Amino acid sequence: MRLTRRLLGDVSKTLKVLDFFSQYNPSPLSIKQFIDFGQNACERKSFLFLRKELPVRLANIMKEISLLPENLQHMPSVEMVQSWYVQSFADLVTFVKVEGDNEDDLNRFCETLDRVKDRHRSVVETMAQGVMEMRDSHGFDNTTENSIQYFLDRLYMSRIGIRMLINQHSLLFGKNIVSPSKHIGSIDPSCNVVGVLKDAYDNARFLCDQYYMDSPDLEINMNNGSTLPQVIEMCYVPSHLYHILFELFKNSMRAVMECHVDAENHPSIKATVCLGTEDVTIKISDAGGGIPRSRTDLLFQYLYSTAPRPDSSDVNVSAPLAGYGYGLPLSRLYARYFQGDLQLYSSEGYGSDAMVYLKALSSEANELLPVFNKTTTKFYKQGITMSDWTSSQSVYSNGNARGFSAQAVRSYRTGPCRQHCLTAGAALV
Ligand SMILES: Nc1ncnc2c1ncn2[C@@H]1O[C@H](COP(=O)(O)OP(=O)(O)OP(=O)(O)O)[C@@H](O)[C@H]1O
Ligand SMILES: [Mg+2]
């Protein structure tokens, strides 16, 4: 909060503004609402909504940054992220009393949105850097680690939502409107799921070929509950879907290639796409050896990776196949953003099934957004309480109560993540 005060200049006044906006809950929109609005797009209406909604969303997450452990808040990278949020909040609240009834105001708003989006481009990498700085300088205990995991999920989810709003406004009303397309902003009303899946596979395969000189084939099965020919279409944000599938294919390819090192033919990856009345389900199955059940809790932890650290000194190498430990947790956020989910089931010794669930109906695909309130504050202040179950480990062993916890993450993780290209897809959306 000290940094927030410094950056906000006219301290007490602007802090009051921050407190004021943080009292409001973000207003989640459904994909259907995004579409309906986009089809009858009125720039001023969008402006009037965003001039309040964006400061509300920013203020809600900024209040949480100020509840992070003090040590973490003072890491240089975290201070930098905080300063971006403060600056963007300050930029956006200047529009609160603007009526937006002339072109100048509306153009100025579009320019401000572009600047905000640009400023926050590397939030994911920079925050990850901050967490590593903290880990290296102070270490983590279980409570800190839980707070950080909780916070990162919320920070990144808030960021996805803010970027979605900005993208919609910019794509519909900004200077760089693309020639007529069936997309409404970043949403494709008839997104071809298998088309996106093939793109994601091709690009992951390209990386896999570079790294292993070979790659597993893909088999696709579709089931849309009706007669052939099958095309499964849904109303969705293709860049979000691409992000999720690209990360899953990279993981499966790596698992298959590492598990069958000497094999001439690698077992194919199987993708099954199903359309039901409620859900679109995508299953990515690999025979890459799977993961022991004791490690499944770690998979969605930020920075958990069993891959060797990507070589940051070699600038000629393209994006690595793995190594940052952000693929699964970020992909799950993209899936959950519109009320979907991502789960990973493994049969150790054989392979894994990653299940992606998305809402089939655009009216049910509502944004999931973090809300700052008393429960949030309590979480950061109290952390986790003591376990009220016996440990899975014998009292004669040296492990701690949570089995694979902070220590396990540290020992399985083989290196810190690199600043750039942390998530190939994150910059896309
Ligand atoms: N299909 C899979 N089969 C076996 N292990 C997997 C599979 N998917 C994920 N994992 C394990 O989970 C870990 C975390 O995956 P995650 O995608 O989050 O990070 P990563 O692949 O290591 O790095 P990146 O951030 O570059 O994706 C991996 O390092 C790997 O050990
Ligand atoms: Mg990965």
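Conventions adopted
Residues numbered from 1 in each chain as written. Chains lettered and ligands numbered in written order. Predicted model: local features only at pLDDT ≥ 70, side-chain atom pairs only at ≥ 80, totals over all residues. UniProt positions renumbered as here; feature names shortened; annotations may be inferred. Helix = DSSP H or I, 4+ residues; strand = E, 2+ residues; numbered from the N terminus. Buried ≥ 20, exposed ≤ 12 C-beta atoms within 10 Å, placed from the backbone. Contact = placed C-beta atoms within 7 Å. Core = buried A, V, L, I, M, F, W, Y, C linked by C-beta atoms within 7 Å. Domains from an automatic or database assignment. Axes fitted to C-alpha atoms, helices over the stretch in contact; angles between N-to-C directions. Left-handed = near helix turned anticlockwise from the far one by under 90°.

Going by what an unreviewed UniProt entry lists, the protein chain is known as Protein-serine/threonine kinase and is assigned to Priapulus caudatus. Under the heading Subcellular location (unreviewed entry), UniProt records this for the protein chain: "Mitochondrion matrix". Looking at the protein chain in UniProt, the text filed under Catalytic activity (unreviewed entry) is "L-seryl-[pyruvate dehydrogenase E1 alpha subunit] + ATP = O-phospho-L-seryl-[pyruvate dehydrogenase E1 alpha subunit] + ADP + H(+)".

Draft legend 1. Highlighting the overall build of the protein chain. When helices and strands are tallied, the protein chain shows 14 helices and seven strands. Evaluated residue by residue, the protein chain yields a buried proportion of 41% over its 429 residues. By sequence separation, contacts in the protein chain at least 24 residues apart represent 82% of the contacts at least 6 residues apart.

Draft legend 2. Seen up close, the nonpolar core. The biggest cluster of nonpolar side chains holds 101 residues, and the ones touching the most others in it are Phe89, Met127, Val193, Leu197, Ala200, Leu245 and Phe249. In terms of domain composition, this core takes at least three residues from each of domain 1 (2-178) and domain 2 (188-368 + 407-428). With sequence-adjacent residues up to four places away left out, Phe89 is seen in contact with Leu18, Pro55, Leu58, Ala59 and Met62.

Draft legend 3. Summary view of unusual backbone geometry. One non-glycine residue, Met213, lies in the positive phi region at around 65°. Positive phi, close to 70°, is recorded for Gln339, a residue that is not glycine. Note on placement: Gln339 falls in the loop between helix 12 (327-337) and strand 6 (341-347).

Draft legend 4. Local environment of the packing of helix 6 (residues 76-93) against helix 8 (residues 123-138). Packing of helix 6 against helix 8 brings their axes to within 7 Å, and their N-to-C directions diverge by 145°. The hand of the helix 6/helix 8 crossing is left-handed. Only Val123, Thr126, Met127, Gln129, Gly130 and Glu133 of helix 8 make contact with helix 6, whose side of the interface consists of Pro76, Ser77, Val78, Met80, Val81 and Trp84.

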